[in-house]
Amino acid sequence: MQSAADDEGTKSRGLSLTKQSGSRNLGVIVRPIRGSKDNAAAASSAVAVYIRDPEANLEVEGDLVRQLFDLTPAEAAVARRLTAGLSLEDAATSLDISRNTARAHLRSIFSKSGITRQTELVRLVLNSAVILGHGPRQAA
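Anyway, here's the lowdown on the structure attached to this text. (Residues numbered from 1 in each chain as written. Predicted model: local features only at pLDDT ≥ 70, side-chain atom pairs only at ≥ 80, totals over all residues. Heavy atoms only, no water.)

1. Overview of the nonpolar core
A general feature of soluble globular proteins is that nonpolar side chains tend to end up buried together. For clarity, the cut-off: We call a set of buried residues a nonpolar core when its members are Ala, Val, Leu, Ile, Met, Phe, Trp, Tyr or Cys and they connect through side-chain atoms within 4.5 Å of each other. Buried residues are those whose accessible area, probed at 1.4 Å on protein chains only, stays under 20% of the maximum for their type, while exposed residues exceed 50% and partly exposed ones sit between those limits. Helix numbers and strand numbers start at the N terminus; a helix is a DSSP run of H or I with at least 4 residues, a strand a run of E with at least 2. Whether two residues are in contact is decided by their heavy atoms, any of which lying within 4.5 Å being enough.
Grouped together as the largest cluster of nonpolar side chains are 18 residues, with contacts concentrated most on Val 65, Leu 71, Leu 82 and Leu 121. Elements with a minimum of two residues in this core: helix H3 (62–69), helix H4 (73–83), helix H5 (88–95), helix H6 (99–113) and helix H7 (118–126). Non-local contacts of Leu 121, meaning those with residues more than four positions away in its chain, are made with Ala 79, Leu 82, Leu 106, Ile 109, Phe 110 and Ile 115.

Pasting the structure below:
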């Protein structure tokens, strides 16, 4: 990391760690953190380590989805389920609404957000600040 920080500023490094269980690997990102110029030791030795477990089922918080995208509670519920990987039909079933009602909510979400595809909705939500609202997890 020291050479990366010297050569290219704050270039991150990624790696994959194998779990003992044999399930999907953990993703790890190590990013140098620039310290103050007054403290050379801190400037050259600090890093942030981000670990992502692809097996962890991250659910976005409904209130944050509503606030960030100006959705109704019903629209946010549909968006959350689609973001969790459910199909529109499965989302409707889990919400105990008809497929047509789920479609109407989806059309309204599209209209409000300016997108036209479910995949765009998932990308929009997962790349938004809503992910920051998820509480920290404890290591297993």
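2. Re unusual backbone geometry
One non-glycine residue with positive phi stands out, namely Asp 70, at about 55°. In this structure, Asp 70 sits in the loop between H3 and H4. Located in the positive-phi region is Asp 96, a residue other than glycine, with phi close to 60°. Looking at the element boundaries, Asp 96 is found in the loop between H5 and H6.

3. Remarks on the sheet that holds strand E2 (residues 26–32)
Just so we agree on the cut-off: Two strands qualify as a pair provided DSSP detects at least 2 bridges between them. Note on method: axes are straight lines fitted to C-alpha atoms, helices fitted across the in-contact stretch only, with angles between N-to-C directions ranging 0 to 180 degrees.
Spatially, the 3 strands line up as an open sheet ordered E1-E2-E3, and their pairing is antiparallel. Both edges of this open sheet fall to strand E1 (13–17) and strand E3 (47–52), since each of them pairs with a single strand only. Shown here is a sheet whose adjacent strand axes are inclined to one another by a mean of 20°, direction ignored. Here E2 runs beside E3; their pairing, made up of 6 bridges, is antiparallel. Residue Pro 32 lies in a different strand from E3, and its bridge partner there is Val 47.

4. Side note on H3
Side chains that are three or four residues apart share a direction in an α-helix, a result of its 3.6 residues per turn. Note the threshold: The arc in question is formed by the directions pointing from the helix axis toward the C-beta atoms.
Taken together, the buried positions of H3 are occupied by Gly 62, Val 65 and Phe 69. Viewed end-on, H3 has its buried residues packed into an arc of 60°, placing them on one side of the element. Where H3 is buried, its residues contact H4, H6 and H7. At the exit of H3 stands Asp 70, carrying a positive phi of roughly 55°.

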